[in-house]
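Here is what each chain is made of, one letter per residue.
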Amino acid sequence: MAPILEARGLTAAYGPIQVLHGLDIRVEDGGVTALLGANGAGKTTVLRALCAMVRRGGAASFRGRSLNGQATEDIVRLGIAHVPDGRGTFAALTVNENLRLGAYARRDRAAVKADSARVCGYFPRLAERRQQQAGTLSGGEQQMLAIARALMLRPKLLLLDEPSFGLAPLAVADIFGILRKINRDDGVSMLIVEQNANLALDLADHACVIETGRMAMSGPAAVVRDNEAVRRAYLSY
Amino acid sequence: MVAFLHQVFSGLAMGAVYASLALALVVIYQATHHVNFAQGEMAMFSTYIAWDLIDRGVPYWEAFLLTIAISFLIGMVIERVVIRPFERAPALTVVIVFIGLLVIFNSLAGWRYSYTIKSFESPFPDEPWFGNSFMSSHESGTVVVTLAMLALVYIFFRFTKLGLAMRAAALNPTSSRLVGIRVGWMLAIGWGLAAAIGAIAGMMAAPIVYLDPNMMGGILLFSLAGALLGGIDNPWGAVLGGFIVGVLENVAGAYLVGTEIKLSVALIIIVGVLVAKPSGLFGRRIAARV
Ligand SMILES: Nc1ncnc2c1ncn2[C@@H]1O[C@H](COP(=O)(O)OP(=O)(O)O)[C@@H](O)[C@H]1O
Ligand SMILES: [Mg+2]
């Protein structure tokens, strides 16, 4: 199977400080890759590098097209939606406006309307709060909004940065159930960063474990899960 | 009493001008957190463009619309060419760039059109509308044109995709890029919009204050006072502030300080607001945003 996303020798730096030191990362078409590692390992930076939000090097391609030298806005237009660290919703705008913005790069108005209804079907809590300011939502609802907004792009690849962060267990289960459904029913590929390795490995078919910007291990999710040494050393459970 | 009402109503006309220019200031402030000190001179230059067009025989309203379009383009080009290189520059550098622009537009107008005062025609009839004895038809017309412009701007920001994208880009540039918004262009369009709004203010003010390269100096000060009074973070607060300042100026000029030193009213308002309530009457707290 061809990968939908492939990065080779990915590097990234904040100013003079290099944070990623050459990573190879793949997401299969229709697959889910989990990106694991301790706090500060560089997981968020990988997602930022793929979207050209930091200075980066190496090669990355999406559906066989090079992402090198492309601006964030153009990468998004190729069908990569990023649910960033800290959610990145527009707190001062309404839920509805956030969803409209998610579809900003699209031109197919009628389909956008249909998708808005579909996405609200996934997240009924959002549907009830469409006219409310996003900043007034609870943490779980904001995470839902961030995912819903990303889905409004009708992405082929979803980059998710710790979707379970700061959420109650019930809300986490809810969100992962929906992610599974989106992957299975809509065929959206995913690259997911998670602190909760168990959850992510359940969803993923492939996993990468990174340590201070270098690949510590990568392979099928089941193999990573069953590797006691890796689990002890990097996933702390 | 009648004289007082007269002062209030005719204050509304200049208030409309201040409201427009205050809105132009806010449009740029919200996206960049800078006050464009050249906004007034840009509006003055636009007014000369209108004068030029009318002088060449273009009918008033066609010249009016053409001037708005040309000003929009000039505003966009200034952002792309002059402002953009200073995107990450310190605030003081940006202020100096704005003052540079101010001086350039002022001398460009003086060089091209001379510093002699010109009269500028009003599109409105000589007799007051509907027997309104408090306002001349140009004064009422200015208020009407301004309200129409404000309604259009409101509809644009509230209901169009581009307007929403511009608000998003001002609120959160990083998240905006992640949904595919070209933030740099949103800024350029913001500059264009501000210049176009300023052009309307200039064309409405010119029949009242006459056309000369320095016509906008005092007007910018009053507009800034209006924007600060209403809240430079809140477009509709700033608009209301502009109207309030217009009326205050007129009333104070007639009864308190005399027309010669009316400008100090603007300064008193600016200093007063900055000391007593920096966020203005309707603004968000500025401290929360930095
Ligand atoms: N904006 C930034 N500026 C400078 N350094 C940063 C920035 N963001 C992250 N870093 C550094 O980069 C490294 C990787 O961070 P990050 O990608 O956020 O890790 P993770 O998401 O795995 O916790 C850390 O050492 C962190 O301190
Ligand atoms: Mg992180």
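The structure contained in this document is the topic of the report that follows. Because the structure is predicted, anything quoted here is derived from the model rather than measured.

### A word on the packing of aromatic side chains
Geometrically, a pair of aromatic rings is defined through the distance of the ring centres and the angle of the planes.
Item 1. Inspection of every chain in the model, using the stated rule, returns 14 aromatic pairs over all chains.
Item 2. With a centroid separation of 6.5 Å and an interplanar angle of 70°, the aromatic rings of Tyr122 of chain A and Phe123 of chain A are classed as edge-to-face. In this pair, the class of Tyr122 of chain A matches that of Phe123 of chain A, namely buried.
Item 3. Judged by centre distance (5.0 Å) and plane angle (75°), the ring pair of Trp61 of chain B and Phe64 of chain B falls under edge-to-face. Highlighted residues: Trp61 of chain B and Phe64 of chain B, both in helix H3 (residues 60-83), separated by 3 residues, approximately one helical turn.
Item 4. By relative accessible area, which is 7% here, Phe64 of chain B ends up buried.
Item 5. Each residue in the set Tyr60, Trp61, Phe64 and Phe124 of chain B is aromatic and connected to the rest through ring pairs, giving one cluster.
Item 6. Between Arg80 of chain B and the ring centre of Trp185 of chain B, over which it is positioned, the NZ or CZ distance is 4.8 Å.
Item 7. Above the face of the Tyr104 of chain A ring, Lys161 of chain B is positioned so that its terminal group lies 5.4 Å from the ring centre.

### Quick notes on the site of ligand 1
Residue and element names in this part refer to chain A.
Item 1. As a structural note, the neighbourhood of ligand 1 is formed by Tyr14, Val19, Ala38, Asn39, Gly40, Ala41, Gly42, Lys43, Thr44, Thr45 and Arg48.
Item 2. Taking Tyr14, its side chain carries an N or O atom lying 3.5 Å from a nitrogen atom of ligand 1.
Item 3. Within the side chain of Asn39, an N or O atom sits 3.4 Å from an oxygen atom of ligand 1.
Item 4. Contact with the protein chains removes 58% of the 560 Å² of surface that ligand 1 exposes when unbound.
Item 5. Here the element with the most residues in the shell around ligand 1 is helix H1 (residues 43-50); it accounts for 4 residues.
Item 6. Partitioning the shell around ligand 1 into residue classes produces 4 nonpolar, 5 polar and 2 charged.

### Regarding the sheet that holds strand S10 (residues 214-220) of chain A
All names here are of chain A.
Item 1. Spatially, S6-S7-S8-S3-S9-S10 is the arrangement adopted by the 6 strands of the open sheet, whose pairing is mixed. The open sheet has two edge strands with one neighbour each: strand S6 (80-83) and S10. Adjacent strand axes in the sheet meet at a mean angle of 15°, parallel and antiparallel pairs treated alike.
Item 2. Across 6 bridges, strand S9 (residues 206-211) lies against S10 in antiparallel orientation. Directly across from Ala207, in S10, lies its bridge partner Gly219.
Item 3. Relative to the sheet, H1 contacts strand S3 (32-36), S6, strand S7 (157-161), strand S8 (189-193) and S9, its axis offset from that of S7 by approximately 145°.
Item 4. The strands touched by helix H7 (residues 169-186) within the sheet are S3, S7 and S8, with S8 carrying the most contacts at an inclination of about 150°.

### With respect to the interface of chain A and chain B
Item 1. Chain A puts 24 residues into the contact, and the matching count from chain B is 20 residues.
Item 2. A buried area of about 1900 Å², summed over both sides, lies between chain A and chain B, and 63% of it is on carbon and sulfur atoms.
Item 3. When the area that chain A buries against chain B is broken down by residue, the three leading residues are Glu73, Phe90 and Tyr104 of chain A, summing to 33%.
Item 4. Counting the contacts that link chain A with chain B gives 2 salt bridges.
Item 5. Counting the contacts that link chain A with chain B gives 6 residue pairs in polar contact (both at pLDDT 80 or more).
Item 6. Listed by contribution, the elements that provide at least two residues to the side of chain A that touches chain B are helix H2 (72-77) and helix H3 (95-102) of chain A.
Item 7. In terms of residues, the side of chain A that touches chain B owes the most to one element, H2 of chain A, which gives 5 residues.
Item 8. Here the residues of the side of chain A that touches chain B are counted per class, giving 11 nonpolar, 5 polar and 8 charged.

So, how was this worked out
Residues numbered from 1 in each chain as written. Chains lettered and ligands numbered in written order. Predicted model: local features only at pLDDT ≥ 70, side-chain atom pairs only at ≥ 80, totals over all residues. Heavy atoms only, no water. Phe/Tyr/Trp six-rings, centres within 6.5 Å; stacked < 30°, edge-to-face > 60°. Buried < 20%, exposed > 50% of the residue type's maximum accessible area, 1.4 Å probe, protein only. Helix = DSSP H or I, 4+ residues; strand = E, 2+ residues; numbered from the N terminus. Lys NZ or Arg CZ within 6 Å of the ring centre and 35° of its normal. Near = heavy atom within 4 Å. Polar contact = N/O pair within 3.5 Å; in protein donor to acceptor, adjacent residues only side chain to side chain. Areas by Shrake-Rupley, 256 points an atom, 1.4 Å probe, with all protein chains shown as cover. Nonpolar A, V, L, I, M, F, W, Y, C, P; charged D, E, K, R; others polar. Pairing = 2+ DSSP bridges. Axes fitted to C-alpha atoms, helices over the stretch in contact; angles between N-to-C directions. Contact = heavy atoms within 4.5 Å. Buried area = accessible area lost by both parts, 1.4 Å probe. Salt bridge = Lys/Arg side-chain N within 4 Å of Asp/Glu carboxyl O.

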